[in-house]
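If you want the building blocks of each chain, they are given just below.
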Amino acid sequence: MRAKITSSTIWMLAAMLTAMLTPMAHSAFAQTDNAANRTKVLRAAADALGMVRWSDIGSGPIHLPGIDAVNTMDIRATGTVGQSADAEYHVALAYNPPAMRIEITRKGAADGQSQHTIQTVREKYAWNESEIGAGLEPGKGTATPAMADQKERLLQLWILPYGVVKAALAAGDKTAVSTENGATVITFPLSGSLADVTVKATLDSKNLVAKVETRSDNAALMNLVTETEYSDYADHGELLTDIKSPGHIVEKQAGRPMLDIRVKGVDANNPYLVFPVPANVKAASATGK
Amino acid sequence: MRSHGHHFLVAALLCLLPAALFAQIDAEPGHALVSRTVNSAPTPSGATPRTPDGHPDLSGVWNALGDDLTGVPNQMANDGISIDSATSSHDVFNGAKIATFPRNTNRGLDTEKAERAASLLRRLGANRPIYKPEYWEMVKNLDENANEEDPSNNCLPSGIPRAGYPSFIGQTPTYFIFIYPGQGGLIATQTMYRMVPADGRKHTPLQDLDGTYTGEAIAHWDGDTLVVDSWGFDANTWFDQIGGYFHSENMHVIERFHRDGNTLTWTATVEDPDVLLEPWTTTPRVALLNPDPHAILLESQPCSERDLGHIVTKEHH
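Rules and cut-offs
- All residue numbers refer to position in the chain's written sequence, counted from 1.
- Written order determines the labels here, with chains lettered from A and ligands numbered from 1.
- Reporting in this predicted model follows two pLDDT cut-offs: at least 70 for local features of residues, and 80 or more for side-chain atom pairs to be given and counted; totals over whole chains, interfaces and linings ignore these cut-offs and use all residues.
- Put simply, DSSP H or I for four residues or longer makes a helix, DSSP E for two residues or longer makes a strand, and each gets a number counted from the N terminus.
- Exposure criterion: with C-beta atoms placed from backbone coordinates, a residue whose C-beta has 20 or more other C-beta atoms within 10 Å is buried, one with 12 or fewer is exposed, and one in between is partly exposed.
- Distance between backbone-placed C-beta atoms decides contact: two residues are in contact if it is within 7 Å.
- Strands are labelled as partners when DSSP assigns at least two bridges between them.
- Remark: nonpolar core denotes a set of buried Ala, Val, Leu, Ile, Met, Phe, Trp, Tyr and Cys residues whose joining runs through C-beta atoms within 7 Å.
- The predictor's confidence in any single residue is recorded as pLDDT, a number from 0 to 100.
- Residue count minus one, scaled by 1.5 Å, sets the expected span of a helix.

Digging into the overall build of chain A
For chain A, the count of helices and strands is four helices and 15 strands. Burial statistics for chain A: of 289 residues in total, 40% are counted as buried. Partitioning the intrachain contacts of chain A with sequence separation of at least 6 by distance along the chain shows that 47% fall at a separation of at least 24.

Structure follows, in structure tokens:
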């Protein structure tokens, strides 16, 4: 009853095994290749922006790896915002937790008055402030819930160069790296309330994020279709940090010009910027208003 | 047969090669990892000793991780940034993951790059006190101009809770002695000591106290946790090492000390309704007992500020 094992049997088994394993091997090679390339490209993009940092000052025998050192940032710019050609644009942002406050002062209105708006988002909450920090203390300003704008505002955080790198890293193996017209392109889905949005970022020759396009298959999210170009990168801080920021930002939303601004100053030294959610905004969110 | 066997072996090895490559993909060529690449809190070991009255024995020299005021890794840990391995980090405050990357050079950073990185890394954490909005810009400006504004840069005492956990605790049934060695350099501070009664006495009414750097402290046990309650501060200190976190003379600080084996976990809650929207609690700091039973604190470096007059930018550590 013992099977007779001949050399031809061994060859046949070897051939079958090879036939079975070769595609797996190629697949494993390809996956390894993709993962390695993704790691390399995202590291290069993070390094170009100055995000990966370590310091050995006073560390003795401890030698820590590099970590993403970007959390909060304050950006001041001027230029065209929507229909206003002479506007001041002030952004305070944080990535942990994700939050952004955009303060826009539009000058040159027909009545000669400036128009001032403060639009804030933090995680699942969005609201408008009559003054910075409105609604947190009795009698100090008004916070108006603006939950319908939550996705649009949060998107502005993730299409900034730092947001692109952070979100692409967080997306893990859902992030794809390719080459288009000789440029490196990173494509990845966002998550959470922006899970329907796909980001495509194009790097320049210095691995800086030069262009960011967002798309969505959800017709209800067409206001989240954006195209933003970043250029003139430099350390724009009075207090130098070696964090590179774009000096010129041009953004289109659903094909319409949205921003064309020049950056005047950036505080990238993780400054004190906080975004507490007013109680009335939390309450409105809970009741779905 | 032998020849066929070799071919089979080669074929099988070729099939296995991708797995081997995959396993090595994260290794840095020619760059061996050093022995310690983390700053995460130490894991307690050993039993918690108790004094004859049954309370945990907190006495000893608590500096086995280095003094908590010095060293960027310790300062990052104080801010809640825990580097758990060469590939993983998180913010202790909210659990948020922080992207972690291998070093791409064995060369040390030059001083300027190291200082700028230290400044960023020490301010990365999400656990920030929430001031009343009218003070937000002031706090931001104080931190940005810390070279001139930080009280400790002029050799003043760091105060409480900025001092963190003491490097030495002496314990009796009715009082505690805390010693905080001073530091030289640009985060220079004076040596501080505190004698904290734990005899059941109550606070002096606040209006009867002249404010001091360490305030009036009284202690009691809450189970196995020592609670040190302090008020009666002056307003000359910031309540953390970074951030421009000023306070009023009405600051009230509640510190908690909990010993677990050879570790001591310290937190402080700051209440200051004059300037804060809500109380703020520090990220827990974990001290490691100096294992040398004969350990003593060495004399502090003298604090004699000579750098400030030569600083020409806003850059700071």
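Back to the text.
As for the overall build of chain B
The number of helices and strands found in chain B is five helices and 14 strands. Taking the contacts inside chain B whose residues are at least 6 apart along the sequence as the reference set, 64% of them involve residues at least 24 apart.

Points about the sheet that holds strand β8 (residues 192–197) of chain B
Residues and elements named next belong to chain B. Spatially, β1-β6-β7-β8 is the arrangement adopted by the four strands of the open sheet, whose pairing is antiparallel. Single-partner strands in this sheet number two, and they are β1 (60–61) and β8. Taken together, the six bridges between strand β7 (residues 175–180) and β8 define a ladder with antiparallel strand orientation. If you follow Ile 177 over to β8, its bridge partner there is Met 195.

Quick look at the nonpolar core
Grouped together as the largest cluster of nonpolar side chains are 121 residues, with contacts concentrated most on Val164(A), Val165(A), Val199(A) and Leu121(B). Here the element with the most residues in this core is strand β4 (residues 84–95) of chain A; it accounts for seven residues. For Val165(A), the residues in contact, after removing those within four places along its chain, are Leu42(A), Ala45(A), Ala46(A), Leu49(A) and Met51(A).

Regarding the environment of Val70(A)
Residues and elements named next belong to chain A. Structurally, the position occupied by Val 70 is in the loop between β2 (66–68) and β3 (72–81). By the C-beta count within 10 Å, which is 29 here, Val 70 ends up buried. The contacts of Val 70, once residues within four sequence positions are left out, are Met 51, Tyr 95, Tyr 162 and Ile 243.

Re unusual backbone geometry
Residue Pro97(A) is reached from Asn96(A) by a cis peptide bond, and omega for that bond is -5 degrees. Residue placement: Pro97(A) occurs in the loop between β4 and β5 (98–106). Of note, the amide linkage connecting Ile160(B) to Pro161(B) takes the cis form, showing an omega dihedral of 5 degrees. Looking at the element boundaries, Pro161(B) is found in the loop between α5 (146–149) and β6 (168–171). You will see that Glu123(A), though not glycine, has its phi angle at about 50 degrees, which is positive. Its location among the elements puts Glu123(A) in the loop between β6 (115–122) and β7 (125–129). Non-glycine residue Asn181(A) carries a positive phi angle of around 50 degrees. Take Asn181(A): it is sitting in the loop between β9 (176–180) and β10 (183–189).

Details of the confidence of the model for chain B
Summary statistics for chain B give a mean pLDDT of 85 and a share of 85% for residues scoring 70 or more. Of the two predicted TM-score estimates for the complex, the pTM is 0.87 and the ipTM is 0.87.

Focus on the pairing of strand β2 (residues 81–85) of chain B
Residues and elements named next belong to chain B. Where β2 lies against strand β3 (residues 88–91), four bridges are found, and the strand directions are antiparallel. Within the sheet, the bridge partner assigned to Ile 81 lies in β3 and is Asp 91. In textbook terms, the turn of a hairpin is the stretch between consecutive antiparallel strands, and for β2 and β3 this stretch comprises two residues.

Remarks on the environment of Tyr233(A)
Residue and element names in this part refer to chain A. As for its placement among the helices and strands, Tyr 233 is situated in the loop between β13 (226–231) and β14 (248–253). Between the C-alpha atoms of Tyr 233 and Leu 49, which are 184 residues apart in sequence, the distance is 8.8 Å. Look past the residues within four positions of Tyr 233 in its chain and what remains in contact with it is Leu 208, Lys 244, Ser 245, Pro 246 and Gly 247.

Some details on the sheet that holds β2(B)
What the three strands build is an open sheet, ordered β2-β3-β4 (chain B); its pairing is antiparallel. Only two strands of the sheet have a single partner each, and these edge strands are β2 and β4 (97–98) of chain B.

Overview of the environment of Ala117(B)
You can see Ala117(B) is positioned in helix α3 (residues 111–122). Classification of Ala117(B) as buried rests on a count of 23 C-beta atoms within 10 Å. Between the C-alpha atom of Ala117(B) and that of Thr37(B), which follows or precedes it by 80 residues, the distance is 17 Å. Dropping the residues within four chain positions of it, Ala117(B) is found in contact with Arg53(A), Trp54(A), Ser55(A), Ala69(A) and Leu109(B).

Some points on α3(B)
In this model α3(B) runs 16 Å from its N-terminal to its C-terminal C-alpha over 12 residues, within 8% of the 16 Å that 1.5 Å per residue would give. Among the residues of α3(B), Ala114(B), Arg116(B), Ala117(B), Ala118(B), Ser119(B), Leu120(B), Leu121(B) and Arg122(B) are the ones counted as buried. Packing partners of the buried residues in α3(B) comprise β1 (52–53) of chain A together with α2 (72–78) and β2 of chain B.

Some thoughts on the pairing of strand β11 (residues 252–260) of chain B
All names here are of chain B. Two strands pair when backbone bridges link them, and strand β10 (residues 225–231) and β11 are joined in this way by six bridges, in the antiparallel orientation. Paired with Ser 230 across the strands is Val 253, a residue of β11. Pairing between β11 and strand β12 (residues 263–271): nine bridges, direction antiparallel. Bridge pairing in β12 places Glu 255 opposite Ala 268. Where β11 hands over to β12, the hairpin turn is made up of two residues, of which Gly 261 adopts a positive phi near 60 degrees.

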